Amino acid sequence: MVKEYIYTTFGTKDVLQTVQQRYSNRPIYLTFDLDDHEHFQLIEYSINEKSPFSSGVQYDVLFKQNQSLDLRGLMDWNYLTLNDDEREHFIMRAKAWITDHQDETGLINIFLLQVNEGFDYAILTTWKTEKQLQEFKPIIDDFFKSFQYASNVHYREKKFQFAKF
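These numbers come from a predicted model, not from an experiment.

Draft legend 1. Here's a closer look at the overall build of the protein. Helices and strands together make up the secondary structure of the protein, namely three helices and eight strands. Along the chain direction, N to C, the helices and strands of the protein fall in the order β-α-β-β-β-β-α-β-β-α-β. Over its C-alpha trace the protein gives a radius of gyration of 15 Å, about what one expects of a compact globule, namely 15 Å for 165 residues. Along the first, second and third principal axes, the C-alpha set of the protein runs to 40 × 35 × 30 Å. A total accessible area of about 8,900 Å² is found for the protein, and carbon and sulfur atoms account for 49% of it. Across the protein, 18 positive and 25 negative side-chain charges occur, with their mean positions spaced 4 Å apart.

Structure follows, in structure tokens:
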């Protein structure tokens, strides 16, 4: 099985567009934070083992709903920092949850991600519309509820949309 990665980096729109142009042969997309339209991210979904970014985050794709390398739609990131004791339980539950929710209306894909050799995990869902994400949001919140209130778990969430200029 071919290993897959998602690479991200953050910066100003101008700097990130320069990086995007430098690697125009790679599928790197500029996105912006829905809560702060001045906060930008570059993202690449790839089988390439080397990140195009000099700084940023490399996520290993542990599991995904759709087998395509297509990355599109509204992105809802849910991040967790876990210790070794919680890791296996979280991965097992996340894979089952992804499988149970693969046919949701408007859902494009669900990814279970791990920061390369780290304790940080993410579930990235991609959606056709904001409305469809909001309808599914209680299900996402319910899944993370048991993890986010543990004393040693750090939970956070961000939404990004592809920028069109």
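Draft legend 2. Local environment of the confidence of the model for the protein. Mean pLDDT over the protein works out to 88, with 95% of the residues at or above the 70 mark. Mean pLDDT in the protein bottoms out at strand β8 (residues 154–162), which sits at 83, and peaks at strand β1 (residues 5–11), which reaches 95.

Draft legend 3. Just the environment of Asp141, in detail. Here Asp141 shows up in helix α3 (residues 130–148). Under the relative-accessibility criterion, Asp141 is labelled partly exposed at 31%. Distance from Asp141 to Ala163, taken between C-alpha atoms, is 26 Å for residues 22 residues apart in sequence.

Draft legend 4. Summary view of the sheet that holds β8. If you walk around this closed barrel you meet the eight strands as β1-β3-β2-β8-β5-β7-β6-β4, and the pairing is antiparallel. Each neighbouring strand pair of the sheet contributes to a mean axis angle of 35°, computed without reference to strand direction. Bridge count for β1 against strand β3 (residues 36–46) is seven bridges, and the pairing is antiparallel. Within the sheet, the bridge partner assigned to Thr9 lies in β3 and is Leu42. The strands touched by helix α2 (residues 84–100) within the sheet are β4 (57–64), β5 (74–81), β6 (107–115) and β7 (120–127), with β6 carrying the most contacts at an inclination of about 170°.

Draft legend 5. Inspection of the pairing of β6 at higher detail. Among the nine residues that make up β6, eight are buried, leaving the element largely enclosed by the rest of the structure. In the sheet, β4 pairs with β6 via five bridges, with the strands oriented antiparallel. Within the sheet, the bridge partner assigned to Asp60 lies in β6 and is Gln114. Bridge analysis of β6 against β7 gives seven bridges, and the strand direction is antiparallel. Each bridged residue has a counterpart across the sheet, and for Gln114 the counterpart in β7 is Tyr121. In sequence, β6 turns back onto β7 through a hairpin of four residues, with Glu117 there showing a positive phi of about 55°.

Draft legend 6. Highlighting the packing of aromatic side chains. Using the criterion set out here, one finds twelve aromatic pairs in the structure. A ring pair is formed by Tyr59 and Trp77, whose centres lie 5.3 Å apart and whose planes are at 35°; its orientation type is tilted. Remark: Trp77 occurs in strand β5 and Tyr59 occurs in strand β4; sequence separation between them is 18 residues. Both residues of the pair, Tyr59 and Trp77, belong to the buried class.

Draft legend 7. Focus on the pairing of β1. Taking burial as the measure, the seven residues of β1 include five buried ones, the bulk of the element. Where β1 and β4 come together, four bridges link them in antiparallel fashion. Along β4, the bridge assignment pairs Tyr7 with Gln58.

Draft legend 8. Just the side chain of Arg26, in detail. Mapped onto the elements, Arg26 comes out in the loop between α1 (13–22) and β2 (28–33). Engagement of the side chain of Arg26 in a polar contact is seen with the backbone oxygen of Lys50, the distance being 2.9 Å.

Basis of the calculations
Residues numbered from 1 in each chain as written. Predicted model: local features only at pLDDT ≥ 70, side-chain atom pairs only at ≥ 80, totals over all residues. Heavy atoms only, no water. Helix = DSSP H or I, 4+ residues; strand = E, 2+ residues; numbered from the N terminus. Rg over C-alpha atoms; globule rule 2.2 N^0.38 Å. Areas by Shrake-Rupley, 256 points an atom, 1.4 Å probe, with all protein chains shown as cover. Lys, Arg positive; Asp, Glu negative; His and termini not counted. Charge placed at Lys NZ, Arg CZ, Asp CG, Glu CD. pLDDT = per-residue confidence, 0-100. Buried < 20%, exposed > 50% of the residue type's maximum accessible area, 1.4 Å probe, protein only. Pairing = 2+ DSSP bridges. Axes fitted to C-alpha atoms, helices over the stretch in contact; angles between N-to-C directions. Contact = heavy atoms within 4.5 Å. Phe/Tyr/Trp six-rings, centres within 6.5 Å; stacked < 30°, edge-to-face > 60°. Polar contact = N/O pair within 3.5 Å; in protein donor to acceptor, adjacent residues only side chain to side chain.

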